[in-house]
Structure formats: C-alpha cells, structure tokens
Amino acid sequence: MNVHSRADGGSGDLSRIRIVGLGASAGGLEALEQFFGNTPPDNGLAFVVVQHLDPTHKAMLVELLQRVTMMPVLEAADSMRVEPDTVYVIPPNSDLSVLRGLLRLSKPAQPRGMRLPIATLFCSLALEQGDQAIGVVLSGMGSDGTVGLGAIKTQGGLTLAQQPESAQFDSMPKSAITAGSADIIGLPAELPQRIAQVMSAQRAIPRRRSVADDTGTQVLGAILEMLREHSKHDLSLYKTSTLKRRVERRIGVHGLDTFAAYEAFLRDNPKEFDLLFKEMLIGVTGFFRDPAVWQDLKESLPLALQQLGGEHGRLRAWVVGCSTGEEAYTVAMLFREVADSLPASDSCTLQIFATDLSVDAIAVARRGHYPARIAEDVSLERLDRFFVAEGDGFRVSKVIREMVLFAPHDVIVDPPFTRLDILCCRNLLIYFNAALQRRLLPLFHYILRPGGILVLGGSETVGQAQAMFAPLSPKSRIYRRSDEAADPGWVDFPVNRNRSSRQAAQESRVSQPVNPHANLQSLADQVLLQEFSPPAVLVNAAGDVIYISGRTGRFLEPAAGKANWNIHVMLRPAIRAQVTAALRQAMGTRKPVALHGLRLEDDAQRTLDVTVQVLQQPNALRGMVMIVFRDLPGASTGKRKRKRPAGAADAAAGDELVRSQEEIHALRLAMRASEEELQAANEELQSTNEELQSANEELTTSKEEAQSMNEELQTINSELQIKLDDLALAQSDMQNLLNSTDIATLFLDKDLNVRRFTDQVTRIIPMRDADIGRPLSDLVSKLNYPQLHDDAKETLRTLAFSEKEISTTDGYWFTVRIMPYRTVANVIQGAVITFVDITAAKELESRLRRVQSLAPQGDGTSTESR
C-alpha cells in the first residue's frame, strides 16, 4: 500500500492527518492482527483502536499489536497529540474521542453493558474530520459502531466492515452491513489496500475538477439521467455540490479516477444504482428533534385548531420527507396532547400523510418499532402514554399509529396532497437548488388551506415568498399561510408543470377564426401602447422579468456574465436601491408605491417617477408586479440654463434633501434585504451543521442489555475455557499419579455408586468405562468378601476406616482398605476403596509357617522361647 496524505510541513500540520478509527470486541484480536500485519509503517495515517474491554482487567492489546506492526503502538492518554504512522489503543474503562487533533479520554457516562465506545469514537471522527474520516468495524458482538459508521458516511467519509464469514463474532459487521453503513466489505488483511485505493482516487479528484470540470458536470447529468431511468426519481434539481460529493464518494469507494469511469461502471453494474440512490438520500431524523421547535408548534396549535377546525373538526397534515417516521409520530403525539386539553377533544381528529422517497425507510416507519435508545429523546410520560414496550425497544401505540398514513412519494414529480391544515417540511429544502425551492413554495401555499401552518427546518426560510406566508415563530421557522392566494394557473404542479396546458390553450386560440374588427382594435391598442404609454416591466414575486413594454434601455441593462433576467440586477445602479425597496414594500403591503424625483447618473437634468403596483386582476396576472417608469424632462432641456431665483434655489435644495432622505430610507431597506439574502446564502453551510448535529444527537443512544450480556459472556467463556484446560491437565496428572502407584483404587459417591477407578481394579473387579455410575452392590468381583458393600456403608456412617485382608477366587490376597472421601472443604462426598496386593507376603508367611512346622522340637524349650 502506498499512501501519502501527510502534510508537506511534517506531522505538526494536523489538518492534513487522516485518522482511521477501528472498532472490535475482545474477541477481535485476530482481525486486528491481520489488519495491522498488512498495513505498511509509512502510510501517513493515524490509527485509533477501540476495543470492548473488561474495565477491571489490564489491557494487553498494546503489546500484542506491537508484535505485528513496525508502527509505534501507544496506549491513548488524555490530550495526546495525534501523529501519523502511529497506532493509539483505548485504555480500559474509558471513552475515547478526537477533538482538534487531540485524543480526549473521559469516564463512561453509561453503566457497564450500556456503553457504545466505538460509536463515540466514530461520531467524534465524523465531527472532527468530515469527509476525511475513515471508520472500520471488525469482529465483535452486538451492534456498536453501526451508528458511528452512519455518521461518518453522512459526512462523506469512508466506512469499511469485515466480511462476516471471516469474523469470529459476526454481529457487529453484520449490523453495519444490514444498516447500509459500510461502503467496503472485505477480509481484515485486504482492508488496508482498499483504503489506499480510495485515498489515491480522492487525491485525483481536485485535479479532475481543475482540468475538466465542465466534462464532469456533463457526465454527472448523464449519471443522474441513468439513475432516473432506474429509480424513476429525478434528482437533477438537487444542489449540484451535494450531488457531486455523493458521486465522488462512490468513485473513491470503487477506486476509480473519473466521472466517466464511474458512468461506465454503472452501465456494467446495475446493482450500483441502488447503492448510489441510497447514497443520495439523507435520512437523519429523530423524535422531538429540536425540542424548542415542537414546543413552539404545540403552543401555536390550540389557536390554529380553533381557527382551522376543518369539516367537523377533521384536520389534515402532510409530513414531507418523513424518513423512518419519527417526525410524523411526533406531530401525532403533539396533536393528541393539545386536543386532549380542549373541551371537545373527541370531535377533533387529525389525519397525517407521511411520505418519503426511500421505500426501506417507509417500511421501518410502518412497523412503528424503535430501539430502546429513543428514551433519550422521548420523555418518560410520553413513553408510557404513546408507546408499548416490546422486545428490546418500543412500539408506537395503536392510537398514534392509526393517525398516520405512510406512502412512498416524490414531492418533485408526484401529485401533492391538498386541503392541508399543517404542512411539515423540515430540513428538505436545503438539499434543493434555488429554482426548485422557488417552485415548491407557491405549491405549498396552494395546497394549504387559508390560515394553514407551514413548518420548515432551522436552516430554511420562505425566501422570496414572504407575501405568501406570515411568520408565527420566526426563530422556529413556523409560518401561517397568508390570505393572498396565488392564481392556480401559475402554480407549477408536479403532475403537468401547467406549461403544456397553457401552450395548448394558446394554440387553440390561434387556430380559431379571427374577427377582423377585433384584430384592428388590438392593432390600434398595440400602437398606442408602443408610442404613447410609459415604459413598464412585469415581474413575478421572485423579481424575474416576465414581460417588457416600451423602451426601457435607459432604466434597465443586462448584467455582465451569465444571462440573468432578474429586475434586481438589471436596474441601473442609481435607482436600484430605491426601486428594490419599493418592490419589497409593495409585495408586503399589496398597495401601490410611488417614487418621485429619481435621477439617473448619465442625465442630471431629467427626473424619473417610478410606480410599483402588485396586480390583482386579471386572475392570470394576480400576484405579479408591474413597474412603470415615467421620464420627466427638466424645464431647461434643449435650452440654455436660466439663473434661478433664491427662493427657487431653496426649494430645489429642499427637494434634494427630501430625495436624499428617501434614498437613505431605501438604502436601509436594501441593507435589511441584503441581510436576509446573506442568511439564505448561508443555508448550504448550515445544512452540513444540521447533519453533524443530528449525528451528535445520536451519540447519546444507549446499548441494549443483550449486547452487554454477550460481551460479558464472551469474557467469562474465555476464562472458563482456561479453567477447563487447567482442570483437564490436573485430571491427567491425577490419573497418571494413580496409575503410577500400581494400587487398585475405586472411588464411590455418597450413594456408593462408582465414580472413578484405576486400571488395576480390573484385575479384581471386571469393569469398563460404561460401569461408571453403577451401584457397588451390582458389581461382581473375585474377592471372597460378601460384606464389602455393608462395610462401605458402615464407613460412611461412622467415618471410621476399615481394613481387612481378603483372598480372591484365583488365589490372590489383597488388603482392602475403605476410607471416607473428603473434599477440600472437608465435606464427605463418598468413599475410597484401595486394594493392595499382598499375595507375595502371604506366600512368604505360608512358607515360613511350613518351615517352622518341619523344624525339630528342642528338649524343654518351647516354641515361644525360641
């Protein structure tokens, strides 16, 4: 692997050091060794390893990894600076994160078994490094790391997972893969090379942009067209920068070099379309996300319910881009709380339509089952009221579930829901370009009932559609539909865009026979308009020029650069601020605004009057603005300038002062408008912060109890295996010891059943392994000892050992000793019978007796005296 991402200035430039986070459980040592065994030491990357550890045991991972890599392996310490070509290992009983190029250690906030140390590291990497972050999930139990990988992937970083078939414990890799959080799946030994390939492709992206940016944009259009044909969804109206980042990420994952190469890859691999489409969708959501917004909405609902009411108290709501359903259920819970506080709560109902592009997300929403970690976002009171504990999580109650109808839907091309009282479209418009935003806001205005509520995300505004929506809570981006309704003919409906119908109507009018008298009248009207009417411009609410009447060259001029037919950039600089302010005032008040005495920079002798009026009639022009220019020549035009009297001079000075004050006022209005435009321009930057904030919120999630038990069972199993090995060795030692003594030994339990015996016992009692567990009384022996069972029972009763010399049927003699079996704890658990062969001693004794009996008897000497 040849990776060079180190800064040119050395290791001190932390902005260029890429950090690879690795997560594994205690059983993932083999995978870690394979990974680092195939990672070259000079790669310019820093590696941070988080492993599930027993907080009471000393970790040996540093020493074990140092055996397989030439890079220094260090135990992480608080405030330790991250250096390239170095491996950092988490210490026991700690959470590890990265902040401003430093490692940060903290005590775990959650109790043992509920901790997510891998997710903590990965989410901090996503926040710290953005699209430069790299996360790797290896062998492990549970699902730790899945949320963290999702956070890295959301930021455009690289995510990898071990192939589950090669993992000793496959739960963690499987969880990440099932959640769609892993870009690359492979063996641990292969993953370093895959990282190198992706980094090489990413380094080539800036060069590709500088050399052939236009070509890349054209190929991107072709890719989006193929994606549209495959998924039936058109993403071309999304922000180009977002689309490029997502496609470039897939290019890097596959180690390709150009957009054209990825286009060819798509044609050869149709399955990649599904992965690319999921990459384009950003499903960040949660219950009661941004609590202040929902509190403001809750406070606004009672008055809205009284004013809206619907038919017999039936309200309709639409949650656009609902993802996995949390936001739709949040609206349902809020409504239920507000409705129950009203006197006639039973008569008030809400039908919620919740839609999203992702079919998988809709399936999750329909199930209504969420993990236990939602307790961090949902209060205990709401959990008890609106959820039912089920398995390892919570299921939405039947009352709330029946309020929401989920369906796949594309807000760009599919017909909208209409006659709505509440429209919730949070954090969706930020991913659309300005043209699509301008098209959707009038549509939202049309489908809402008068007084309906519109809820947008924290980084979104109604922009130039301020006349259509009045703010209820500007900070929370909650608006009310204004009474000024737009003409339905000018709303750009997704179903037909309405343009084809207008063209057809125009064609039908042209094809009809023309009345010659009407034709003469129209021609005369056109001459009068052209020759005698003042110049005028018709613009829409966004300021785009729709129609120009007369000669407007003195007042308007095309802006330099790309063609832009917007009135704000075409107005002459001398009158731009005043007319812009008047346009904004007219849109806000719906009343005509007149400007007098304006002057152009090229003709100080002429004055100009401008009238700005919002049109109400005819219906086809309702909502548009007419700007009329009246050029007023001075009294001295074409003649020598006369000397003004002093009074006239003072009047002129007064007029000039009034005009200056009006201009100052106009400039102030323009400055205020500029501030709003700056805020809108900042929305794209805030969208990234929105994603990061969502990922940061998910860091507070807790791990399910099952994972904790699995982790502890794994440690216990390892310790138990060691003890079993020790016991097996001790058993072997004891067996060898018993066999080496050459003493027949029989072990009985407290019921006098056979528990163990040595090989020498088989000479006396024919036995085999199958006889273990049989009663002593059932065994047939060669001993002439029918009282053996009774003596053993007596020994257990009195705890006194018994010893007798017993012969066998085949002429052998044994000393039979019966003793109680005592454990280490001095507990009687049976009896031990040993059989010592004394046949040789008996034979010697017998020979001695024969010799003694054959010896001559001495006179007067007794046998005893001898």
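As the structure is a prediction and not an experimental result, all values here were calculated from the model.

So, on to the confidence of the model for the chain. Summary statistics for the chain give a mean pLDDT of 78 and a share of 78% for residues scoring 70 or more. Across residues 635-644, where pLDDT falls below 50, the model places 5 contacts with residues more than four positions away in sequence or in other chains. Scored below 50 in pLDDT, residues 860-866 shows 5 contacts in the model against residues more than four places distant or in partner chains.

Turning our eyes to something else, we now look at the packing of aromatic side chains. Summed over all chains, the structure comprises 12 aromatic pairs. Between tyrosine 329 and tyrosine 370, the ring centres sit 6.2 Å apart and the planes meet at 80 degrees, which makes this aromatic pair edge-to-face. Of this pair, tyrosine 329 sits in helix H11 (residues 326-340) while tyrosine 370 sits in strand E13 (residues 369-371), and the two are 41 residues apart along the sequence. Exposure class is identical for tyrosine 329 and tyrosine 370. Each is buried. One residue, arginine 755, lies across the ring of tyrosine 821, its end atom 4.4 Å from the ring centre.

Quick look at unusual backbone geometry now. Phi angles above zero are rare outside glycine, and serine 79 is one such case at about 65 degrees. Unusually for a residue other than glycine, leucine 752 sits at a positive phi of about 60 degrees. Here leucine 752 shows up in the loop between strand E26 (744-749) and strand E27 (754-757). Under the relative-accessibility criterion, leucine 752 is labelled buried at 4%.

For the rest of this paragraph, the subject is the pattern of salt bridges. This model, assessed by the stated rule, comprises 22 salt bridges. One salt bridge connects arginine 774 with aspartate 771, and the closest N-O pair in it is separated by 2.9 Å. Among the charged side chains, a network of salt bridges with common partners joins Asp290, Glu327 and Arg426.

Time to look at the sheet that holds strand E6 (residues 95-99). The strand order across the open sheet formed by 3 strands is E4-E7-E6, and the pairing between neighbours is antiparallel. Across the chains shown, the open sheet's two edge strands, defined by having one partner strand only, are strand E4 (80-81) and E6.

What follows covers the packing of helix H3 (residues 117-129) against helix H4 (residues 146-154). To describe two helices that pack against each other, one gives the angle between their axes and the distance between the axes. It is at 7 Å that the axes of H3 and H4 come closest, and there the two elements cross at 10 degrees. Between H3 and H4, the interaxial angle falls into the category roughly parallel. Along the contact surface, H3 presents Ala119, Phe122, Cys123 and Ala126, while H4 presents Val147, Gly148, Leu149, Ala151 and Ile152. Among the residues forming the contact of H3 with H4, the class breakdown is 8 nonpolar, 1 polar and no charged.

Turning to the environment of arginine 817, a few remarks are in order. With respect to the secondary-structure elements, arginine 817 resides in strand E29 (residues 813-822). Classification of arginine 817 by relative accessible area gives partly exposed; the value is 33%. Sequence separation between arginine 817 and alanine 792 is 25 residues, and the spatial gap between their C-alpha atoms is 9.7 Å. In contact with arginine 817, not counting residues within four places along its chain, are Phe801, Ser802, Glu803, Val832, Ile833 and Thr834. Of note is the side chain of arginine 817, whose polar atom sits 2.7 Å from the side chain of glutamate 803.

Calculation rules
Within each chain, residues carry numbers counting from 1 in the order of the written sequence. Note on the predicted model: pLDDT of at least 70 is required for a residue's local features to be given, and 80 or more for side-chain atom pairs to be given and counted; whole-chain, interface and lining totals, by contrast, use all residues. Working from all heavy atoms in the structure, the side-chain values ignore hydrogens and water. Each residue carries a pLDDT score, the predictor's own confidence in it, on a scale running from 0 to 100. Throughout, a contact is declared for two residues whenever any of their heavy atoms are within 4.5 Å. Stacked, tilted and edge-to-face are the three classes assigned to paired rings of Phe, Tyr and Trp, where Trp is represented by its six-membered ring and a pair needs centres within 6.5 Å; plane angles under 30 degrees give stacked, over 60 edge-to-face, the rest tilted. A run of DSSP states H or I qualifies as a helix once it reaches four residues; a run of E qualifies as a strand once it reaches two. Both are numbered from the N-terminal end. To sort residues, take the accessible area from a 1.4 Å probe on protein chains only and compare it with the maximum for the residue type: under 20% means buried, over 50% means exposed, and anything in between is partly exposed. Cation placement over rings: the criterion is NZ of Lys or CZ of Arg within 6 Å of the ring centroid and within 35° of the ring normal. Each salt bridge in this description consists of a side-chain nitrogen of Lys or Arg and a carboxyl oxygen of Asp or Glu lying within 4 Å of one another. Whether two strands pair depends on DSSP finding at least two bridges between them. Axis angles are defined between N-to-C directions and span 0 to 180 degrees, where every axis is a line fitted to C-alpha atoms and, for a helix, only to the segment in contact. These descriptions rest on fixed angle ranges, namely under 35 degrees for roughly parallel, over 145 for roughly antiparallel, 65 to 115 for roughly perpendicular, and the rest for oblique. In this classification, the charged set is Asp, Glu, Lys and Arg, the nonpolar set is Ala, Val, Leu, Ile, Met, Phe, Trp, Tyr, Cys and Pro, and all remaining amino acids, among them Gly, are polar. Any N or O atom pair separated by 3.5 Å or less is treated as a polar contact, with the protein-specific requirement of one donor-capable and one acceptor-capable atom, and with residues adjacent in sequence counted only for side-chain atom pairs.

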